[in-house]
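As a plain string of letters, each chain reads:
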Amino acid sequence: NAGVTQTPKFQVLKTGQSMTLQCAQDMNHNSMYWYRQDPGMGLRLIYYSASEGTTDKGEVPNGYNVSRLNKREFSLRLESAAPSQTSVYFCASSASQGWDGYTFGSGTRLTVV
Amino acid sequence: GNSVTQMEGPVTLSEEAFLTINCTYTATGYPSLFWYVQYPGEGLQLLLKATKADDKGSNKGFEATYRKETTSFHLEKGSVQVSDSAVYFCALGTNFGNEKLTFGTGTRLTIIP
């Protein structure tokens, strides 16, 4: 009953460092998403993947890259972290047929100093 | 484009009070509407949904009715409990080609005993 699993849960980076946030789902969902959550801003879409092998930019893609490694896994990479990327990052997935909404992971709290 | 406007928070109520959190939307086509809840330190969880006009979604004592004429999907609960303290997000999704959800900014609800 894992659903969507994100790692790590917490991370502190120095400005300019790189890191990859991992996300995996076990629900056989086609679509996966990366959001960031900032106070007063709600959830903003960074990148999404409608199906294995495809990725598209969302609302705030600058400074990020993604990889849809296979149907289960969708990773988010920060190549050169900046303090403005301090945020809570959520991965989500959804089935492509019908509208049951998203299943979210528990989030990664990232601080860039 | 699609957008969701949510009641500004934070909202503080006494236990057993009546709750309304307003949500209005703009969208092309015929969106599905959702309420998500985020408990402290956790990811978002689907609370309820409605997929067509006049549908009522309900779960855990919460209700919301899809009102196309007023483009609204207000969340209500007759008697709140301390355990309902959380952040609530209204969201919409349209399935014209891809299935990204658009979220409101969230409303923080605190229930005091």
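Whatever comes next refers back to the structure up there.
Residues numbered from 1 in each chain as written. Chains lettered and ligands numbered in written order. Predicted model: local features only at pLDDT ≥ 70, side-chain atom pairs only at ≥ 80, totals over all residues. Heavy atoms only, no water.

## Here we look at the sheet that holds strand β1 (residues 4-7) of chain A
Residues and elements named next belong to chain A.
- Strands sit in the order β1-β3-β8-β7 across an open sheet of 4 strands; the sheet is antiparallel. Both outer strands of the open sheet, β1 and β7 (64-68), are each paired with one neighbouring strand and no more. Pairwise comparison of adjacent strand axes, ignoring direction, gives a mean angle of 15 degrees for this sheet.
- As paired elements, β1 and strand β3 (residues 19-25) share 4 bridges and run antiparallel to each other. Residue T5 lies in a different strand from β3, and its bridge partner there is A24. (Pairing = 2+ DSSP bridges. Helix = DSSP H or I, 4+ residues; strand = E, 2+ residues; numbered from the N terminus. Axes fitted to C-alpha atoms, helices over the stretch in contact; angles between N-to-C directions.)

## Observations regarding the state of the cysteines
Residue and element names in this part refer to chain A.
- On inspection of all chains with the given rule, the structure shows 2 disulfides over all chains.
- Disulfide pairing places C23 opposite C91 at an S-S distance of 1.9 Å. The chirality of the disulfide connecting C23 with C91 is left-handed, given an S-S dihedral of about -75 degrees. Of this pair, C23 sits in strand β3 while C91 sits in strand β9 (residues 87-94); the two residues are 68 residues apart in sequence, bridging distant segments of the chain. In this structure, C23 and C91 share a single accessibility class: buried. (Disulfide = S-S within 2.5 Å. Buried < 20%, exposed > 50% of the residue type's maximum accessible area, 1.4 Å probe, protein only.)

## Quick look at the pairing of β7(A)
All names here are of chain A.
- Residues Y64, V66 and R68 line the buried face of β7, whereas the alternating positions N65 and S67 sit on a face that is not buried.
- As paired strands, β7 and strand β8 (residues 74-78) are joined by 5 bridges and run antiparallel to one another. Directly across from N65, in β8, lies its bridge partner R77.
- Linking β7 to β8, which pair antiparallel, is a turn of 5 residues.

## A few points about unusual backbone geometry
- For the bond running from A:T7 to A:P8, omega is -10 degrees, close enough to zero to count as cis.
- Within the secondary structure layout, A:P8 lies in the loop between β1 and β2 (10-13).
- The amide bond that connects B:G9 to the next residue, B:P10, takes the cis arrangement and shows omega of -10 degrees.
- As for its placement among the helices and strands, B:P10 is situated in the loop between β1 (3-6) and β2 (11-14).

So yeah, pure geometry; function would need other evidence.
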